[in-house]
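Structural description and commentary
Each chain, written out:
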Amino acid sequence: MTDNIPLQPVRRSRRHDSKHRHGCCPWSRCCGMGDLRPRTVWLGHPEKREQRYPKNVINNQKYNFFTFLPGVLFNQFKYFFNLYFLLLACSQFVEELRLGALYTYWVPLGLVLIITIMREAIEEIRCYLRDKEVNSQIYSKLSTRGTVKVKSSSIQVGDLIIVEKNQRVPADMIFLRTSERNGSCFLRTDQLDGETDWKLRLPVACTQRLPTAADLLQIRSYVYAEEPNIDIHNFIGTFTREDGDPPVNESLSIENTLWASTVVASGTVVGVVIYTGRELRSVMNTSNPRHKVGLFDLEVNCLTKILFGALVVVSLVMVALQHFAGRWYLQIFRFLLLFSHIVPISLRVNLDMGKMVFSWMIKKDSKIPGTVVRASTIPEQLGRISYLLTDKTGTLTQNEMVFRRLHLGTVAYGMDSMDEVQSHVFSAYTQPTHDLPASRAPAATKVRKTISSRVHEAVKAIALVHNVTPVYESNGVTDQAEAEQHYEDTCRVYQASSPDEVSLVQWTESVGLTLVGRDQSSMQLRTPTGQILNFTILQIFPFTYESKRMGIIVRDESTGEITFYMKGADVVMAGIVQYNDWLEEECGNMAREGLRVLVVSKKSLTEEQYQDFEARYVQAKLSVHDRSLKVATVIESLEMEMELLCLTGVEDQLQTDVRPTLEILRNAGIKVWMLTGDKLETATCTAKNAHLITRSQDIHIFRQVRHDKKPFCAPALSGDSDVCLKYYEYEFMELACQCPAVVCCRCTPTQKAQIVRLLQEHTGKLTCAVGDGGNDVSMIQEADCGVGVEGKEGKQASLAADFSVTQFKHLGRLLMVHGRNSYKRSAALSQFVIHRSLCISTMQAVFSSVFHFASVPLYQGFLIIGYSTIYTMFPVFSLVLDKDVKSEVAMLYPELYKDLLKGRPLSFKTFLIWVLISIYQGSIIMYGALLLFESEFVHIVAISFTSLILTELLMVALTVQTWHWLMIVGELLSLACYIASLMFLHEFIDIYFITTVPFLWKVTTITLVSCLPLYILKYLRRRFSPPSYSKLTT
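Rules of the game
- Residues numbered from 1 in each chain as written.
- Predicted model: local features only at pLDDT ≥ 70, side-chain atom pairs only at ≥ 80, totals over all residues.
- Heavy atoms only, no water.
- Helix = DSSP H or I, 4+ residues; strand = E, 2+ residues; numbered from the N terminus.
- Contact = heavy atoms within 4.5 Å.
- Areas by Shrake-Rupley, 256 points an atom, 1.4 Å probe, with all protein chains shown as cover.
- Phe/Tyr/Trp six-rings, centres within 6.5 Å; stacked < 30°, edge-to-face > 60°.
- Buried < 20%, exposed > 50% of the residue type's maximum accessible area, 1.4 Å probe, protein only.
- Lys NZ or Arg CZ within 6 Å of the ring centre and 35° of its normal.
- pLDDT = per-residue confidence, 0-100.
- Pairing = 2+ DSSP bridges.
- Axes fitted to C-alpha atoms, helices over the stretch in contact; angles between N-to-C directions.
- Patch = residues over 30% accessible without salt bridge, like charges linked within 9 Å, V, L, I, M, F, W, Y side chains within 5 Å.
- Salt bridge = Lys/Arg side-chain N within 4 Å of Asp/Glu carboxyl O.
- Lys, Arg positive; Asp, Glu negative; His and termini not counted.
- Charge placed at Lys NZ, Arg CZ, Asp CG, Glu CD.
- Expected span 1.5 Å × (residues − 1).
- Left-handed = near helix turned anticlockwise from the far one by under 90°.
- Nonpolar A, V, L, I, M, F, W, Y, C, P; charged D, E, K, R; others polar.
- Disulfide = S-S within 2.5 Å.

A word on the overall build of the protein chain. Regarding its fold elements, the protein chain presents 34 helices and 34 strands. The contacts of the protein chain with a sequence gap of at least 6 include a subset with a gap of at least 24, amounting to 73%. Accessible area of the protein chain: about 46800 Å², with a carbon and sulfur share of 58%.

Listed below in structure tokens is the structure:
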């Protein structure tokens, strides 16, 4: 049985936007909507409200029409990098600081801003259209004028709303009526809690009994509802009808609610709206996801700060060499402008465009179909993951339960002996009940008969003790009503809140006892002979996380016998059933095989015993104070000396290729932690089954112990108490980080997120969280990189994640191939863009030094813009297609990934090497041009600029490791663009001079001197100290 763990998203004030994500009016407090208070809601009379409630509008936009442009510009210029370029561009309006045409500074900045604004506008428009679609959905409302149509956004607290089958519930409502004969309905809640199993909901008994839905407006009644809160699994309220005789009072619980964002799966329902807008459970449960900034972006930002420091130092040196003569402070500003290319404005644009290309490559990879990139700003994070934290159920396992074992104590039945169980059940309903003659009843027959009856009792108990409902659907041949009437097997589907329960009922069907019908008060079973057994449901005690068991009291209509059946976890059932010497041992054996174990028991009750219990139970349910405690006490009075019938073992099968994927991750140096809400035995067994823990490794289990009056638990790893996370953070992490693998069981959603946060703070390493359910959302949003698996538990996790995959096995390729390539390509691209800017800045510094430290620009106008755009942009950007090894090799040798964890592709060492290369090449080109020019200054510009362009194109060729046809096109296109543009640049370049032989040999000489030594060094390095990947490619 799955645990109903409350969805508790992690909320931390420092990570919240100032504007609520589902932002209602910012003046809500002034409008009387600031405090969340209980309310009395009159049915069908929204005008009788005591306070103002928020509009039922979903708004996921970050900006509105008026705040869009100011908001986007503020978010851009709050970063030093962009603010610096804005100040540079604005300085050109000051005459003393102007160095050239205004467009040389404003065009690059404008290009960056236009790309950013367009990207934000597209995202906002998409968001607006999604919100508009939801807010514009049409619903039927009961009013004094009859049934009227209203938009979702016009619904108010107190409205009576009709919701059809397969329609989304528009607001939080109390369930009043249903068209279903059995007086209940099912909800699909996958978009609320991540669970795909349908939930049973019950209407208010008083309103369900009314002849028609229109009568709801004729009665004088109201609902008292608690204040809005985030708990989607609990609700406290009352329903009161004042005009009844006597007045009717009914208590309301979670079973009477229809939360917004759920979908009605059966029948047509009528509900009264109690919460709207920002007070909806679904809205309050949506934590604001933190804006994730990649570690790579932080490192690049650090390098740009170093470059800015270098810019200031160079400017001060230039002024100092002038002996601070004249208006030296103006000269400092002019030099800051002159050397501004040291900090490249094109770096941000190139990296952002590169990220978009990497995201597109991930989406288009045919070997990981269905993969979606929702956060295109952090693909490089995938290349540096040190810790991977994964959910178990639905992520490592398929969440498809298969019945594996029935254990009766003296005999056990596995998958290969289910035919014996089937024959025992068949014989129980076909053999006459009278005793056989003594002469034909030897001892062996008696034993068989005893086992047969025990098997029959066990199967019957499993077929009765559950919350499963058979639903009949039309199959094209038989319609729904006919299928339901004749119990058509081909049209029947089982629905329950737990896949465990469905698997048990499907198994009883396979051995001959079929659940064919169920409503609120009765259940029907079909025997192997086709006979229908009718049972009246007297009481149901549902499964809870605290009780870890569920019970049902039924009356057999044919015999009148009253029986109390119960199933639950072995830890609680051991103290409820009669003494035996095999329960604990066999439960341990089955758990070690990876089976989820349930203990099934029964107790026969006399009519007097049941009547006494019912009186006490009803009295306890009516009490106002300590209701849950009193109810639990009454139920426990029945839970004594119960007869142990059997153990059931259900297996949750592993996802495809989980073992090889985990092995790849382990070989890549990634430590895998499994965080699950399941119990310790099942969690450790799944870990062994998936080879997360090898058979030879010892498992150190730290249970809850007493220490200094505080419970202490540590990592291997029972999460019964989160005190270790509160009081022993350092010790917990110190121990856990040394383990090759960690399993944390019984984790709540909050604890999962807390463990991720502790890992980040303690190790400083990058974390990746993988999950598939609503209870994994907090962990996914907290991790540096969140991956959602689209699975049985819905799409909530995949929608909240940065990356979404369809299977866990796709994670290997996502990290080993795409993560590795994205990081290495981004590192090469960023360093080359810095090299390109430093080259031209070095040339400017040499030029100014030679000409008496004059603050005069070497290149002006279109030359300076064209250098970083059409002349070099294509080949430099083509580095995003480069790769050192084929994807097959990267998957075969995950050890290559381990090298990236040290951050070597982009480090201070590689940065310094590129700075030295830039200074060398810039100096060679400028000094070469000064030495070889003849008479005209314009010849210096022609020789140096042409050499600079050729040098950049050759350096791209030097950096490339695997050629792609687009790289060659980029190189040739850039060269062609430069040659063609020379015809229009007569203002800066002497057209006749560049066609002469002296120009050609001078440019060739300078380019060879600047590039040839680097080619020689690269050859020697690959010859005598090859990188690890080169050994795999030769």
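And the narrative resumes.
The final tally for this structure, using the stated rule, is 25 aromatic pairs. Note on F403 and W507: the rings are 4.1 Å apart at their centroids and 15° apart in plane angle, and the pair reads as stacked. Highlighted residues: F403 in strand 16 (residues 397-407) and W507 in helix 13 (residues 499-510), separated in sequence by 104 residues. Note on F403: relative accessible area 5%, which makes it buried. Between F541 and F564, the ring centres sit 5.8 Å apart and the planes meet at 90°, which makes this aromatic pair edge-to-face. Here F541, found in strand 22 (residues 532-541), pairs with F564, found in strand 24 (residues 562-568); they are 23 residues apart in sequence, far enough to count as distant. Take F541 and F564: they sit in the same class, and that class is buried. By the ring-pair criterion, three or more aromatic residues cluster together here, those being F541, F564, Y610, F613 and Y617. Positioned above the aromatic ring of F1024 is the side chain of R1023, whose terminal nitrogen or guanidinium carbon lies 5.7 Å from the ring centre.

Moving on: the confidence of the model for the protein chain. Model confidence for the protein chain is summarised by a mean pLDDT of 82, while 88% of its residues fall at 70 or above. Mean pLDDT values for the elements of the protein chain range from 30 in strand 29 (residues 710-712) up to 95 in strand 24. Ignoring residues within four places in sequence, the model shows residues 434-448, a span with pLDDT below 50, making five contacts including any to other chains. Taken as a whole, residues 704-722 scores under 50 in pLDDT and shows 54 contacts with residues more than four places along the chain or in a different chain.

This part takes up the pairing of strand 3 (residues 146-151). Two faces make up the sheet, and in a regular strand the side chains alternate between them. Pairing geometry for strand 2 (residues 138-143) and strand 3, over six bridges, is antiparallel. Within strand 3, the position partnered with Y139 by the bridge is V150. Here strand 2 hands over to strand 3 after two residues, the two strands then running antiparallel side by side.

Following the sequence through the fold, T508 ends up in helix 13. Of the residues examined, T508 reaches a relative accessible area of 0% and is grouped as buried. Beyond its immediate stretch of four places on either side in the chain, T508 contacts V459, I462, A463 and L513.

Time to look at the sheet that holds strand 8 (residues 221-225). Spatially, four strands are ordered 1-8-9-10 in an open sheet, and the strand pairing comes out antiparallel. On the outer flanks of this sheet lie strand 1 (39-42) and strand 10 (248-252), each paired with one strand and no other. Taking each pair of neighbouring strands and ignoring which way they run, the sheet shows an average axis angle of 20°. Summarising the sheet, strand 9 (residues 237-241) and strand 10 pair through five bridges and their orientation is antiparallel. Each residue of the ladder has a partner; that of G237, found in strand 10, is L252.

A few words on the environment of I378. Considering the arrangement of structural elements, one finds I378 in the loop between strand 14 (372-373) and strand 15 (385-390). When its relative accessible area of 1% is taken as the criterion, I378 is described as buried. Considered as a pair, I378 and K292 are 86 residues apart in the sequence and their alpha carbons are 7.7 Å apart. In this structure I378 touches K292, V293, G294, D784, D802 and F803, once residues within four positions along its chain are discounted.

Positive phi, normally seen in glycine, also occurs at N166, with a value near 65°. Along the polypeptide, N166 turns up in the loop between strand 4 (160-163) and strand 5 (172-178). The phi torsion at S261 lies on the positive side, around 80°, for a residue other than glycine. Position of S261 among the secondary structure elements: in the loop between strand 11 (257-258) and strand 12 (263-264). Residue S261 is classed as partly exposed on the basis of its relative accessible area of 22%.

Right, let's talk about the environment of S887 for a bit. Relative to the helices and strands, S887 is located in helix 28 (residues 887-892). Residue class for S887 comes out buried when judged on its relative accessible area of 14%. For the pair S887 and V817, spaced 70 residues apart in the sequence, the C-alpha separation amounts to 5.7 Å. Those residues in contact with S887 that sit more than four places away from it in its chain are R813 and V817.

Here we have nine strands laid out as an open sheet, ordered 17-16-26-25-24-23-22-21-20, and antiparallel in their pairing. The open sheet has two edge strands with one neighbour each: strand 17 (412-413) and strand 20 (514-518). Inspection of the sheet shows strand 16 paired to strand 17 by two bridges, in the antiparallel sense. The partner of H407 across the bridge, within strand 17, is A412.

Among the surface-exposed residues, K898, K902, R904, K909, R1021 and R1022 lie close enough to one another that they form a single positively charged patch. With respect to the helices, strands and loops of the structure, K909 is situated in helix 30 (residues 908-932).

Relative to strand 22, strand 21 (residues 522-526) runs antiparallel, the two sharing five bridges. Residue pairing across strands places Q524 opposite N534, the latter belonging to strand 22. Counting the residues between successive antiparallel strands, the hairpin from strand 21 to strand 22 contains five residues, one of them, G530, with a positive phi of roughly 95°.

So, on to helix 2 (residues 80-91). Along an α-helix, residues three or four apart share an orientation, since each turn contains 3.6 residues. Here helix 2 is twelve residues long and its end C-alpha atoms lie 16 Å apart, about the 16 Å a rise of 1.5 Å per residue gives. Within the sequence span of helix 2, burial applies to F81, N82, Y84, F85, L86, L88, A89 and S91. Among the structural elements, helix 1 (68-77), helix 3 (103-135), helix 7 (295-321), helix 8 (328-338) and helix 9 (346-364) are those in contact with the buried residues of helix 2.

On to the environment of E971. On the secondary structure map, E971 appears in helix 32 (residues 965-981). Classification of E971 by relative accessible area gives buried; the value is 14%. The spatial distance from the C-alpha of E971 to the C-alpha of V876 is 8.8 Å, given a sequence separation of 95 residues.

This paragraph deals with the pattern of salt bridges. Across all of its chains, the model carries 27 salt bridges by this definition. One salt bridge connects R241 with D243, and the closest N-O pair in it is separated by 2.8 Å. D297 is paired through a salt bridge with K355; the nearest N and O atoms lie 3.2 Å apart. Residue D297 is located in helix 7, and its partner K355 is located in helix 9; the two are separated by 58 residues in the primary sequence. The pair D297 / K355 is uniform in exposure class, with both members buried. When salt bridges that share partners are traced, they join D297, R348, D352, K355 and E380 into one network.

Now for helix 1. Three or more residues of helix 1 are buried, namely F68, G71, V72, Q76 and F77. Check the buried side of helix 1 and you find it contacts helix 2 and helix 3.

Time to look at a nonpolar patch on the surface. Taken together, the side chains of L954, L1008, L1012, Y1015, I1016, L1017, Y1019, L1020 and F1024 make up a nonpolar region of the molecular surface, amounting to roughly 910 Å² of accessible area. Here the nonpolar patch gets eight residues from one element, more than from any other, and that element is helix 33 (residues 997-1024). Among the secondary structure elements, I1016 is positioned in helix 33.

On to the packing of helix 2 against helix 3, then. Between helix 2 and helix 3, the shortest axis-to-axis distance is 9 Å and the interhelical angle comes to 145°. The element helix 2 and its partner helix 3 pack so that their crossing is left-handed. Only Y105, W106 and L109 of helix 3 make contact with helix 2, whose side of the interface consists of F85, L86, L88, A89 and C90. Of the residues assigned to the contact of helix 2 with helix 3, the class counts are eight nonpolar, no polar and no charged.

The full count for this structure, using the stated rule, is zero disulfides. With no disulfide of its own, C1011 lies closest to C839 among cysteine sulfurs, the gap being 8.9 Å.

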